[in-house]
Amino acid sequence: MREKLTIAVVYGSARQGRFCDTVVNWALTELWAESGFRVVLVDPLQLKGAVEDAAVSEASLEAKIAEADAFIVVTPEYNHGYPAALKELIDSCYEPWHAKPVGFISYGGVSGGLRAVEQLRQVFAELHAVTVRDSVSFSNVWAQFDAAGNPFKAAEAKAGLIVMLRRLKWWARALKVARAENAYGGVTA
Ligand SMILES: Cc1cc2nc3c(=O)[nH]c(=O)nc-3n(C[C@H](O)[C@H](O)[C@H](O)COP(=O)(O)O)c2cc1C
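Since the structure is predicted, the reported quantities are computational estimates derived from the model, not experimental observations. (Residues numbered from 1 in each chain as written. Predicted model: local features only at pLDDT ≥ 70, side-chain atom pairs only at ≥ 80, totals over all residues. Heavy atoms only, no water.)

Chemist: In this structure, what is going on with the packing of aromatic side chains? I would like to understand it.
Modeler: By convention here, two paired aromatic rings are described through the distance between centres and the angle between planes. This structure, assessed with the given rule, holds eight aromatic pairs. Measuring from ring centre to ring centre gives 5.7 Å for Phe19 and Phe145, while their planes differ by 65°; the resulting arrangement is edge-to-face. Pair noted here: Phe19 is in the loop between strand E1 (5-11) and helix H1 (20-33) and Phe145 is in the loop between strand E6 (136-138) and helix H5 (154-181), with a separation of 126 residues, a long-range link. Given the relative accessible area of 25%, Phe19 is considered partly exposed. Site record: aromatic cluster; members linked through ring pairs are Phe19, Trp26, Tyr107, Phe138 and Phe145. (Phe/Tyr/Trp six-rings, centres within 6.5 Å; stacked < 30°, edge-to-face > 60°. Helix = DSSP H or I, 4+ residues; strand = E, 2+ residues; numbered from the N terminus. Buried < 20%, exposed > 50% of the residue type's maximum accessible area, 1.4 Å probe, protein only.)

Chemist: Looking at this structure, how should I read the site of the ligand?
Modeler: Around the ligand sit 16 residues in total, of which Ser13, Arg15, Tyr78, Tyr107 and Gly109 are the nearest. At 2.6 Å, a side-chain N or O of Arg15 approaches an oxygen atom of the ligand. In this structure, Asn79 approaches the ligand through a main-chain N or O atom, which is 2.7 Å from a nitrogen atom. Isolated, the ligand exposes 610 Å² of accessible area, and the fraction of that covered by the protein chains is 76%. (Near = heavy atom within 4 Å. Polar contact = N/O pair within 3.5 Å; in protein donor to acceptor, adjacent residues only side chain to side chain. Areas by Shrake-Rupley, 256 points an atom, 1.4 Å probe, with all protein chains shown as cover.)

Chemist: Teacher, can you tell me more about helix H4 (residues 114-126) here?
Modeler: Note that an α-helix has 3.6 residues per turn; residues three or four places apart therefore point the same way. Here H4 is 13 residues long and its end C-alpha atoms lie 19 Å apart, about the 18 Å a rise of 1.5 Å per residue gives. Along H4, the residues that are buried comprise Ala116, Val117, Leu120, Arg121, Val123 and Phe124. Here the buried face of H4 lies against strand E3 (70-76), helix H3 (84-90), strand E4 (101-107) and strand E5 (130-131). In the segment just after H4, His128 is the residue with positive phi, at about 60°. (Expected span 1.5 Å × (residues − 1). Contact = heavy atoms within 4.5 Å.)

Chemist: Could you clarify how one ought to interpret the packing of H1 against H5 in this entry?
Modeler: Axis angle and axis distance: for two packed helices, these are the angle between their axes and the distance between the axes, and together they describe the pair. Between H1 and H5, the shortest axis-to-axis distance is 11 Å and the interhelical angle comes to 65°. The element H1 and its partner H5 pack so that their crossing is right-handed. Taking contact as the criterion, the partners of Trp26, Ala27, Glu30 and Leu31 in H1 are, on H5, Ala157, Lys158, Leu161 and Leu165. Of the residues in the contact of H1 with H5, the class split is six nonpolar, no polar and two charged. (Axes fitted to C-alpha atoms, helices over the stretch in contact; angles between N-to-C directions. Left-handed = near helix turned anticlockwise from the far one by under 90°. Nonpolar A, V, L, I, M, F, W, Y, C, P; charged D, E, K, R; others polar.)

Limitation: the analysis is restricted to geometry and does not speak to function.
See below:
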């Protein structure tokens, strides 16, 4: 039997009262309904003094990133970019991102966070990560979810997520095998 893939869901926002929780919770419900994944959560709040020992917190974040075979970054758009807290989290380690796929769920105003996603593609290329073309996007996000946190257009949102997940899984499986066969860091320029 094939080993389960571990997917890390990465929160893009560390803002108090963040909408990110609603979007992440929806994604988690859908992820848990899909078999074959182990899910870990990676939250920039861990770097914001939300826990007492910041060094321990950073180490545990790095361990979670290291154990992941793939990432789903759930990001809002702030001033046509992505949040500073997400950049801090991404920059907190280097090699644990290498040779792994990244999928995106974005949200925001009219652009649905897509400008943040396009910038993140450049960032992840520098980290030797592979970004997946297909993504899920919620424009005018505050009008997209009911009070219980369910999207009004649930079938459409789920369909987008499933496509992105299939792509992510393909890359995750392929790159897990490749990393096991040949250490990625062993390549010289
Ligand atoms: C500092 C700031 C800047 C924002 N800039 C944009 C923007 O450029 N484009 C956009 O579509 N939405 C923008 N928004 C709206 C956010 O995408 C929206 O409020 C989202 O819910 C924020 O995510 P969060 O609540 O999880 O932090 C901005 C919000 C904040 C707080």
